[in-house]
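What follows is the residue order along each chain.
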Amino acid sequence: MNFYKRVAFATLLVLQAFALKAEDGHRLWLRMTGNENAIKIHNDTKGQNPLDVADETKTLRIALSELQFYIRENVSIHVEVDANAPKNDGFSITRKGDEIFIKSASSVGVLYGAFALIRLQETGKMPKKGSTIVEVPSSPLRLLNHWDNLNGTIERGFAGRSIFWSNEGDIINQNAALISEYGRANASIGINGTVLNNVNASPQMLTSERIGQTKRVAQILAPYGIKVYLSVNFASPKALGDVSTADPLDPDVIKWWQNKVKEIYDAIPNFGGFLVKANSEGEPGPQDFGRTHVDGANMLADALKPYGGIVMWRAFVYAANSPDRANQAYDEFMPFDGQFRDNVILQVKNGPVDFQPREPVHPLFYSLKHTKVMPEFQITQEYLGESIHSVFLAPMWKELTDVFKMTEGVAGVSNIGNSVNWCGSDMAQANWYAFGRLAWNQNLTSKEIADEWLKQTFTTDKKFVTPMTKVMLESHEACVNYMMPMGIHHIFAGGHHYGPEPWYAPRGVRADWTPPYYHKAAADGMGFDRTRNGSNNVSLYPEPLASTFNDVNKCPEKYLLWFHHVGWTQKLPCGETLWNRLCHKYDEGVRAAESFNATWAKMAQFIDKERFEKLHILYDRQAKDAWWWRDACLLYFQTFSNLPFPKDCPPARHDLQTLMRYHLAIDNYTAAPIDQLP
Ligand code: GCW
């Protein structure tokens, strides 16, 4: 068989595999139909042919086969790796008559160009004759972080088990095709790196056996332009029994890491580097040895430097007795600004507490001036209804990307597992997609992303796309409203983060793991005073933000109770009292969730039965859960406000005692339905 026939044959096999899976959601946004009359593709690459390099060959071949199979218009396509074409993964697509030229300085750039062209076709935007498109990504590092444990469970995962690890032993060979599909899906949206294991990292990740397994994953993913990275446990040298300490300044420890890094690069020459959660939530770190974050990060960075590897050091730290958890990362990291090696990137969660439904932007994004910083978003919906509620997260992430340029990179905590549709819900796939698209181009609007995702994932029919785009765009605000509006945060149930338990505060549990630490509801009002008279968190922001946040009349309502303790009957700039406004916001959330359910109910005629019905159940449950959140929170806060619901607010469906007795059954972090309420 010649090259093209081989490619065509291989693609056909993949297509057949997809066909068997029908509309179970496995094909994600890559549901294009194949092209029976394969179009003409020319590889115009001159000079040093990248086809001499193994992975480059494969990358280019993937690009060629995708184009050949999926471009349906009668055009001929030229692809070219050319040093003068866009660099840094970028590409250009030029159309002259019926010829289309895709150029990039690298073969992976050509692959991104190929997927871009297919996306344009699928969304009805095939380039016009005489047009040129040039794209270069916003971020050089576009990474998924998997919180996958070596036993196959996934921390905060709601889509089955790990596709990489299993307690039944080595599953990489068995999952090779799946891992390859994962690579293709990621490449189609520009994701170019993946951290394969949980930041709560097992030292076992660095045994020679696990490095060998990592190597196999790396080999499967390399043709898709994806590098692998590992989370490392800072105490590994000691925990694995090789050295008596893990002190980052100890020569034996330094040597141990140098040897380990060499062992990894001998096995995986394109290995990306380490992700580290240190001195956070009980994980070991340099502070255990009287050293600093800089000592720890720089030691690892020095070991990785000769190979071009990087350290992503997480800034998610907080101590049990801190008067304001939202200040801590700033307090711990700002003094070190400028002291980290140039291959260290601080990985900072979008908000200063912890992936809450809404937080203000983390102050470190404004203040670090001499340190490389990359945001960490959470794609998996730990705090946003798991894979049950349909909440489109692009609008939430845009709250950060609108004010911060992601020039170093960006990470997203993956929502992928081995469930057939990858994410547990077909709608949750939109967040994986949106993360990749925003990492590629942070200027895309939420609407553009929702629109293109819906068209590729379901149908281009306007009668579906228009109402569902609206649902998606409103879904984050709705979720904030029915869970924790106006800056309320962290009022989740203890043990899981699915339902409400604003009252949760058992004795012996550290205060900052309980909701009352955050909402501070009392007879005089509620909210966390972070003003200059309170924890002074406002002063961690630059002006004019600091003064705006500090002033109760100027503070945006969405952050009001984040920054202020407000009296129940205090009049807000909107004209309502706090109590009435709170009731109305919760109601707004409930009404929105009900409207999403009603809109979805009308979508049956436009899409396949299988996905329609699964989502119908989920939308219905989301609407019920919205009531549960609203009733539990309002009835509980009412015990402090002692005020009636405003006249236009419907009565609660359950009383507080019943709601407080209700405990969710939790199975691997997945909550059982509220329908079980007595
Ligand atoms: O949001 C919290 C989660 C933990 C997680 C931690 C972190 C991996 O509840 O499960 O641990 O954040 O980001 O390190």
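Residues numbered from 1 in each chain as written. Predicted model: local features only at pLDDT ≥ 70, side-chain atom pairs only at ≥ 80, totals over all residues. Heavy atoms only, no water.

### Looking at the side chain of Ser104
Counting through the fold element by element, Ser104 comes out in strand β4 (residues 99-104). At 3.1 Å, the side chain of Ser104 forms a polar contact with the backbone nitrogen of Ser106. Other than its neighbours up to four places away in sequence, Ser104 contacts Glu80, Val81, Asp82, Ala85, Pro86, Gly90, Phe91, Gly109 and Val110. (Helix = DSSP H or I, 4+ residues; strand = E, 2+ residues; numbered from the N terminus. Polar contact = N/O pair within 3.5 Å; in protein donor to acceptor, adjacent residues only side chain to side chain. Contact = heavy atoms within 4.5 Å.)

### Some words on the sheet that holds strand β7 (residues 193-195)
Strands pair in a sheet through their backbones, by hydrogen bonds, and they do so in one of two ways: parallel or antiparallel. Ordered by their spatial adjacency, eight strands build a closed barrel running β6-β7-β8-β9-β10-β11-β12-β13, and the pairing between neighbours is parallel. On average, adjacent strands in this sheet sit at an angle of 25° to one another, irrespective of strand direction. Here strand β10 (residues 310-314) pairs with strand β11 (residues 344-349) via four bridges, running parallel. From the neighbouring strand, Trp313 faces β11, where its bridge partner is Leu346. Packed on one face of the sheet, helix α8 (residues 293-304) meets β9 (273-276), β10 and β11 and runs near 160° to β10. (Pairing = 2+ DSSP bridges. Axes fitted to C-alpha atoms, helices over the stretch in contact; angles between N-to-C directions.)

### Considering empty space enclosed by the protein
According to the stated counting rule, one finds six cavities of 30 Å³ or more in the structure shown. Estimated volume of the largest cavity: approximately 80 Å³. Considering the residues around the largest cavity, the lining is formed by 13 residues, among which Ala315, Phe316, Pro352, Val353 and His362 are closest to the centre. Mapped by element, the contributors of at least two residues to the lining of the largest cavity are α9 (325-333) and β11. In terms of residue count, β11 provides more of the lining of the largest cavity than any other element does, three residues in total. (1 Å grid on protein atoms, 1.4 Å probe; cavity = no way out; pocket = protein on both sides within 12 Å on 5 of 7 lines; lining within 4 Å. Points joined across faces, edges and corners; volume = space filled by probe spheres on them.)

### Thoughts on unusual backbone geometry
Cis geometry is found at the peptide bond from Glu543 to Pro544, where omega equals 0°. With respect to the helices and strands, the residue Pro544 is situated in the loop between α15 (515-519) and α16 (545-550). The backbone phi angle of Glu281 is positive, close to 50°, even though this residue is not glycine. Topologically, Glu281 is positioned in the loop between β9 and α8. Residues other than glycine seldom take positive phi values, yet Met486 does so here, at roughly 60°.

### Observations concerning the side chain of Thr401
Note on placement: Thr401 falls in helix α11 (residues 394-401). Among the residues examined, Thr401 registers a relative accessible area of 5% and is labelled buried. Non-local contacts of Thr401, meaning those with residues more than four positions away in its chain, are made with Phe377, Met406 and Gln442. (Buried < 20%, exposed > 50% of the residue type's maximum accessible area, 1.4 Å probe, protein only.)

### Quick notes on the nonpolar core
In summary, soluble globular proteins display a tendency toward joint burial of nonpolar side chains. In terms of nonpolar packing, the biggest core is built from 201 residues, with Ile77, Trp313, Trp432, Leu582, Trp600 and Phe637 touching the most fellow members. In this structure, Tyr518, Val538, Tyr541 and Tyr559 belong to the second largest nonpolar core, which totals 13 residues. (Core = buried A, V, L, I, M, F, W, Y, C linked by side-chain atoms within 4.5 Å.)

### Details of helix α18 (residues 578-601)
Taking 1.5 Å per residue, 24 residues should reach 34 Å; α18 reaches 35 Å between its end C-alpha atoms and fits that length. Buried residues dominate α18, accounting for 17 of its 24 residues. (Expected span 1.5 Å × (residues − 1).)

### A few points about the environment of Asp252
You can see Asp252 is positioned in helix α7 (residues 251-267). The sequence separation of Asp252 and Val75 amounts to 177 residues, and the corresponding C-alpha distance is 62 Å.

### Details of the site of the ligand
In the neighbourhood of the ligand, 15 residues make up the surrounding shell, with Glu155, Lys277, Arg314, Asp354 and Glu382 lying closest. In this structure, Arg314 approaches the ligand through a side-chain N or O atom, which is 2.6 Å from an oxygen atom. In the model, an oxygen atom of the ligand is placed 3.4 Å from a nitrogen or oxygen of the Tyr383 side chain. Classifying every residue of the shell around the ligand gives four nonpolar, three polar and eight charged. (Near = heavy atom within 4 Å. Nonpolar A, V, L, I, M, F, W, Y, C, P; charged D, E, K, R; others polar.)

### So, α11
Most of α11 is tucked away, with seven of its eight residues classed as buried. Every buried residue of α11 is listed here: Ala394, Pro395, Met396, Trp397, Lys398, Leu400 and Thr401. The inward-facing, buried residues of α11 contact α10 (364-367), β12 (372-378), α12 (429-440), α13 (446-457) and α14 (462-483).

### Topic: the layout of surface pockets
Computed from the structure, the second largest pocket encloses a volume of approximately 530 Å³. Asp89, Val108, Asn192, Gly225 and Lys227 are, among the 26 residues lining the second largest pocket, the residues nearest its centre. Contributing elements (two or more residues each) for the lining of the second largest pocket: α2 (54-70), α3 (107-122) and β8 (227-231). Tallied by class, the residues present in the lining of the second largest pocket amount to 11 nonpolar, 10 polar and five charged.

### Things to note about the pairing of strand β2 (residues 76-81)
Buried residues dominate β2, accounting for six of its six residues. Along β2, one buried face is formed by Ser76, His78 and Glu80 and the opposite face, lined by Ile77, Val79 and Val81, is buried too. One ladder, built from four bridges, connects strand β1 (residues 40-43) with β2; its direction is parallel. When the sheet's bridge partners are listed, Asn43 is paired in β2 with Val79. Pairing geometry for β2 and β4, over six bridges, is parallel. Residue pairing across strands places Glu80 opposite Lys103, the latter belonging to β4.

### Re the pairing of β4
Strand direction decides the pairing type here: strand β3 (residues 91-96) and β4, joined by five bridges, are antiparallel. Along β4, the bridge assignment pairs Thr94 with Phe101.

### So, the state of the cysteines
Note on terminology: disulfide describes a covalent bond linking the sulfur atoms of two cysteines. Applying the stated criterion across every chain yields a total of zero disulfides. No disulfide involves Cys423; its sulfur sits 17 Å from that of Cys479, the nearest cysteine. Cysteine Cys633 remains unbridged, with the sulfur of Cys583 as its closest cysteine sulfur at 11 Å. (Disulfide = S-S within 2.5 Å.)

### A closer look at the sheet that holds β4
Reading across from one edge, β1-β2-β4-β3-β5 is the order of the five strands in this open sheet, with mixed pairing throughout. With partners counted over all chains shown, the strands left at the sheet margins are β1 and β5 (132-135), one partner each. Averaged over all neighbouring strand pairs, the angle between strand axes comes to 15°, with direction disregarded. Sheet topology places β3 next to β5; four bridges connect them, and they run antiparallel. Counted as the bridge partner of Ser92 is Val134 from β5.

### Some remarks on the environment of Trp29
Relative to the helices and strands, Trp29 is located in the loop between α1 (3-20) and β1. For the pair Trp29 and Gln219, spaced 190 residues apart in the sequence, the C-alpha separation amounts to 24 Å. Filtering out sequence-adjacent residues up to four positions away, Trp29 remains in contact with Ala185, Ser188, Ile189, Gln429, Trp432, Tyr433, Trp453, Gln456 and Thr457.

Nothing here speaks to function; it is geometry throughout.
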